Amino acid sequence: MTSREGRRIALKGEALSKSFGGLRAVDGMSFEVEEGSLSALIGPNGAGKSTLVNALLGETVAQVGDAPTTRQVHTYKFRDFHILDLPGSDARAGEQQEAERGRREAHLILYVVSSQTGLDYESFWKDLQDLLDSGQLWLLIVNDKQPHPDAASERSFREEVLS
């Protein structure tokens, strides 16, 4: 697949939309990931970044666990581009510096958060503002590791994250 500019595209999404009940979570999103480019997974420890790597690759290559296991940047080849599995945003200072370097190199940021591990809203909003300021393409992934007890609880969580 080739873009209008002649770049080879490894992954493309056009006019993607997703709703949960009355909540429009994605509305007309389009993106392209060029061959050879870097996509980075960021977010707190335990949010599911390494689990997402394993799901995308269809095999267990990234170490997973709710305790921090990613202490350095790991690079995985997926189709014709690379995924950077970065230390969590709540990692130690040196690990955060490594993660920041990886984030700056990436063409697409997948920001993973989880209802299970709790969400530090101050850090969450700061991270989102940093992504907006960077001009990088990014996507927020909410990983519900545990089902909510009822629809009202799930709706409340989603509204809290998106408000």
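Residues numbered from 1 in each chain as written. Predicted model: local features only at pLDDT ≥ 70, side-chain atom pairs only at ≥ 80, totals over all residues. Heavy atoms only, no water.

The subject of this paragraph is the overall build of the protein chain. A count of helical and extended segments in the protein chain gives four helices and seven strands. In sequence order, the secondary structure elements of the protein chain are arranged as β-β-β-α-β-β-α-β-α-β-α. Partitioning the contacts of the protein chain with sequence separation of at least 6, the portion at a separation of at least 24 is 56%. About 9,400 Å² of surface is accessible on the protein chain, with carbon and sulfur atoms providing 48% of the total. (Helix = DSSP H or I, 4+ residues; strand = E, 2+ residues; numbered from the N terminus. Contact = heavy atoms within 4.5 Å. Areas by Shrake-Rupley, 256 points an atom, 1.4 Å probe, with all protein chains shown as cover.)

As a further point, take the environment of glutamine 72. Note on placement: glutamine 72 falls in the loop between α1 (49–57) and β4 (74–78). In the structure, glutamine 72 is positioned 25 residues away from glutamine 97 in sequence and 9.9 Å away in space, judged by C-alpha atoms. The residues contacting glutamine 72, other than those within four sequence positions of it, are Asp85 and Pro87.

Scanning the model with the defined rule gives six salt bridges in all. Here glutamate 100 ties to arginine 103 by a salt bridge, and the two come within 2.8 Å at their closest N and O atoms. With glutamate 100 and arginine 103 both in helix α2 (residues 93–105) and three residues apart, the pair spans about one turn of that helix. Taking relative accessible area as the criterion, glutamate 100 reaches 30% and is therefore assigned partly exposed. Between aspartate 130 and lysine 126 there is a salt bridge, and its shortest N-O distance comes to 2.7 Å. Placement of the pair is aspartate 130 and lysine 126 together in helix α3 (residues 121–134), with a separation of four residues, close to one helical turn. Accessibility expressed as a relative area gives 51% for lysine 126, which makes it exposed. It is possible to trace a salt-bridge network through shared partners that takes in Glu100, Arg103 and Arg104. (Salt bridge = Lys/Arg side-chain N within 4 Å of Asp/Glu carboxyl O. Buried < 20%, exposed > 50% of the residue type's maximum accessible area, 1.4 Å probe, protein only.)

Inspection of the secondary structure puts phenylalanine 31 in strand β2 (residues 23–34). In this structure, the C-alpha to C-alpha distance between phenylalanine 31 and leucine 16, residues 15 residues apart in sequence, is 9.1 Å. Among all residues touching phenylalanine 31, those that are not within four sequence positions of it are Leu11, Lys12, Gly13, Leu16 and Leu137.

This next bit is on α2. For α2, which comprises 13 residues, the first-to-last C-alpha distance of 19 Å matches the rise-based estimate of 18 Å (1.5 Å per residue) to within 8%. Those residues of α2 that are buried lie in contact with β3 (38–42), β5 (81–85), β6 (108–114) and α3. (Expected span 1.5 Å × (residues − 1).)

Judged by pairing direction, the sheet is mixed, and its five strands sit side by side in the order β4-β5-β3-β6-β7 without closing on themselves. Edge positions in the open sheet fall to β4 and β7 (137–143), since each of these has one partner strand only. On average, each strand axis in the sheet is tilted by 25° relative to the strand beside it, whichever way the strands run. Along the sheet, α3 contacts β3, β6 and β7; its crossing angle with β6, the most-contacted strand, is approximately 170°. (Pairing = 2+ DSSP bridges. Axes fitted to C-alpha atoms, helices over the stretch in contact; angles between N-to-C directions.)

Of all the five residues making up β3, five are buried; the element is thus mostly covered by neighbouring parts of the structure. Of the two faces of β3, the one holding Leu38, Ala40 and Ile42 and the one holding Ser39 and Leu41 are both buried throughout. Summarising the sheet, β3 and β5 pair through four bridges and their orientation is parallel. The residue of β5 that forms the bridge with leucine 38 is histidine 82. Two strands pair when backbone bridges link them, and β3 and β6 are joined in this way by four bridges, in the parallel orientation. Bridge pairing links leucine 41 to leucine 110 in β6.

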